[in-house]
Number of protein chains: 2
Amino acid sequence: MYSIGDLSRKTGVKIPTIRYYEQMGLIAAPDRTEGNQRRYERRELERLSFIRHARDLGLSIEAIRELVELSQHPEKPCAGADEIAVEHLASVRAKIAQLKKLEHELERIVSHCAGHTVGDCYVIRALSDHGLCDGEH
Amino acid sequence: MYSIGDLSRKTGVKIPTIRYYEQMGLIAAPDRTEGNQRRYERRELERLSFIRHARDLGLSIEAIRELVELSQHPEKPCAGADEIAVEHLASVRAKIAQLKKLEHELERIVSHCAGHTVGDCYVIRALSDHGLCDGEH
DNA sequence: CTTGAACCTATAGTCGCTAGAGAGATTAGA
DNA sequence: TCTAATCTCTCTAGCGACTATAGGTTCAAG
């Protein structure tokens, strides 16, 4: 039996976050002591590690809910889990592409800034005038 | 004189967002008609384009507030603006690096998934067992 | 003058937590 | 057994940057 603090230390998930996950239905409401404190079993420790891991990979609570649901049914086809991961991978790649555009634009703006006053600062001018930009963003 | 709708169409910033920016102090509260509707001048159109542009580059409201403030004083040194842009560039790069790690991890997980049921699905197993992961994340 | 589009304010919701208050429970040591 | 320290409880509010909705008012074209 683990207290919520034990669980937190073992998984690296903060205590209020564990309670939040319970509220969101990612983990089941555990048994309580007579004094109303949560007591967990190994099963919940594993589930929470799973969640932690998925969050580290950037999956949304909603996606994790589906994965947790799936993982409870080992006999089902795994296409659903695969799809969630593939979709997430696509969105990660899209985000990288978008950030790279920003990176280039910012590099360009910063490197052009030779001004000493705001009046001739390329950073300010580039923001004021879209015409100075390289592409879409 | 532009209505809030005109401003929205010309800048691509949605109407509620314009009102939000006013509340946040990014744009000054404009004059009103007798019937209490906002009427803007060209000056505010330019300011809003500036803001839009900076938001597109991913700058925070707080950073934009500083840039707007600076742009009102063309005689000041532009080191402050430069610093904001450089710092933002660094944070964009950090985010890219983090996302690339996730990309690789997800690629690996997805490509290993040859299972037909959840029970032997690599996606689920990788999430359940951190030992299957490649590195830190 | 009528009508329909545009505008107003105020409030609540989004996501994934995090912080704080104030009260009660547990546990280790004396 | 008592006490003090630590842990845990619930509830509420806040973050950032909007977005949505409701219910009402004003504007402008015909």
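Only a predicted model underlies this, so the values are computations on that prediction, with no experimental measurement involved.

Novice: For this particular structure, what's the right way to read the overall build of chain A?
Specialist: In terms of helices and strands, chain A carries six helices and two strands. In chain A, the order of α-helices and β-strands from amino to carboxyl end is α-α-β-β-α-α-α-α. Here the C-alpha atoms of chain A give a radius of gyration of 24 Å, more than 25% beyond the 14 Å that 2.2 N^0.38 yields for 137 residues. Considered along the principal axes of its C-alpha atoms, chain A spans approximately 70 × 40 × 20 Å. Taking all 137 residues of chain A together, the buried fraction comes to 42%. For chain A, contacts bridging at least 24 residues in sequence account for 45% of all contacts bridging at least 6.

Novice: Help me understand helix α2 (residues 15-23) of chain B, please; the structure alone is not making it clear to me.
Specialist: Along an α-helix, a turn takes 3.6 residues, which lines up residues three or four apart on a common side. Residue and element names in this part refer to chain B. Of the positions making up α2, those classed as buried are Ile18, Tyr21 and Glu22. What you see down the axis of α2 is that its buried residues fit within an arc of 105°, all on one side. Along α2, the residues that are exposed and aim more than 90 degrees away from the buried face are Pro16 and Gln23. Contact partners of the buried residues in α2: α1 (4-11), β1 (31-32), β2 (38-39), α3 (42-56) and α4 (61-71). Within two residues after α2, Gly25 carries a phi angle of roughly 80°, on the positive side.

Novice: How do you make sense of the relation of the copies chain A and chain B when you look at a structure like this?
Specialist: Applying a rotation about an axis and a shift along it to one chain copy brings it onto the other copy. Its rotation angle being 180°, the transformation that places chain A on chain B also includes 0.0 Å of axial translation and leaves an RMSD of 0.1 Å. Both copies are brought into coincidence by an operation consistent with a two-fold rotation axis. By C-alpha distance to the rotation axis, the residue of chain A lying nearest is A:Ile96, at 2.8 Å. Here 100% of the contact residues of chain A are again contact residues in chain B; the copies associate through an equivalent surface.

Novice: Quick question: what am I supposed to make of the state of the cysteines here?
Specialist: By definition, a disulfide links the sulfur atoms of two cysteine residues through a covalent bond. Evaluated as defined, the whole model comprises zero disulfides over all chains. Cysteine A:Cys121 is unpaired, with the sulfur of B:Cys78 as its nearest cysteine sulfur at 3.5 Å. A:Cys121 gets classed as buried once you look at its relative accessible area, which sits at 0%.

Novice: Could you clarify how one ought to interpret the protein's contact with DNA strand C in this entry?
Specialist: Near DNA strand C, the surroundings consist of 20 residues, among which A:Thr33, A:Arg55, B:Ser3, B:Arg19 and B:Arg38 are the closest. In DNA strand C, atoms within 4 Å of the protein come from the sugar-phosphate backbone in 87% of cases. A distance of 2.7 Å separates a phosphate oxygen of DNA strand C from a polar side-chain atom of B:Ser3. Separating a phosphate oxygen of DNA strand C from a side-chain N or O atom of B:Arg32 is a distance of 3.1 Å. At the level of secondary structure, the elements contributing two or more residues to the surface near DNA strand C comprise α2 (15-23) of chain A together with α1 and α2 of chain B. Here the surface near DNA strand C gets four residues from one element, more than from any other, and that element is α2(A).

Novice: What is the right way to read empty space enclosed by the protein from this model?
Specialist: Over the atoms a probe the size of a water molecule is rolled, and this reveals where empty space is left. All chains considered together, the criterion is met by two cavities of 30 Å³ or more. Reported here for the largest cavity is a volume of approximately 60 Å³. Together, A:Leu57, A:Leu59, A:Leu67, A:Ala81, A:Ile84, A:Ala85, B:Leu106, B:Ile109, B:Val123 and B:Leu127 line the largest cavity. Of all the secondary-structure elements, those providing two or more residues to the lining of the largest cavity are α5 (79-112) of chain A together with α5 (79-112) and α6 (122-128) of chain B. For the lining of the largest cavity, the leading source of residues is α5(A), giving three residues. Counted by class, the lining of the largest cavity contains ten nonpolar, no polar and no charged residues. Looking at the second largest cavity, its volume works out to about 40 Å³. Lining the second largest cavity are A:Leu106, A:Ile109, A:Val123, A:Leu127, B:Leu57, B:Leu59, B:Leu67 and B:Ala85. Secondary-structure elements contributing two or more residues to the lining of the second largest cavity are α5 and α6 (122-128) of chain A.

Novice: Could you clarify how one ought to interpret the protein's contact with DNA strand D in this entry?
Specialist: The immediate surroundings of DNA strand D are formed by 19 residues, with A:Ser3, A:Arg19, A:Arg38, B:Tyr21 and B:Arg55 found nearest. Here DNA strand D approaches the protein such that, of its atoms within 4 Å, sugar and phosphate make up 89%. Within the backbone of A:Arg38, one N or O atom sits 2.8 Å away from a phosphate oxygen of DNA strand D. The side chain of B:Thr17 places a nitrogen or oxygen atom 3.2 Å from a phosphate oxygen of DNA strand D. Contributing elements (two or more residues each) for the surface near DNA strand D: α1 (4-11) and α2 of chain A together with α2 of chain B. At three residues, the largest contribution of residues to the surface near DNA strand D is made by α2(B). Tallied by class, the residues present in the surface near DNA strand D amount to five nonpolar, nine polar and five charged.

What counts, and where the lines are drawn
Residues numbered from 1 in each chain as written. Chains lettered and ligands numbered in written order. Predicted model: local features only at pLDDT ≥ 70, side-chain atom pairs only at ≥ 80, totals over all residues. Heavy atoms only, no water. Helix = DSSP H or I, 4+ residues; strand = E, 2+ residues; numbered from the N terminus. Rg over C-alpha atoms; globule rule 2.2 N^0.38 Å. Buried < 20%, exposed > 50% of the residue type's maximum accessible area, 1.4 Å probe, protein only. Contact = heavy atoms within 4.5 Å. Arc of directions from axis to C-beta. Least-squares fit on C-alpha atoms with pLDDT ≥ 70 in both. Disulfide = S-S within 2.5 Å. Near = heavy atom within 4 Å. Polar contact = N/O pair within 3.5 Å; in protein donor to acceptor, adjacent residues only side chain to side chain. 1 Å grid on protein atoms, 1.4 Å probe; cavity = no way out; pocket = protein on both sides within 12 Å on 5 of 7 lines; lining within 4 Å. Points joined across faces, edges and corners; volume = space filled by probe spheres on them. Nonpolar A, V, L, I, M, F, W, Y, C, P; charged D, E, K, R; others polar.

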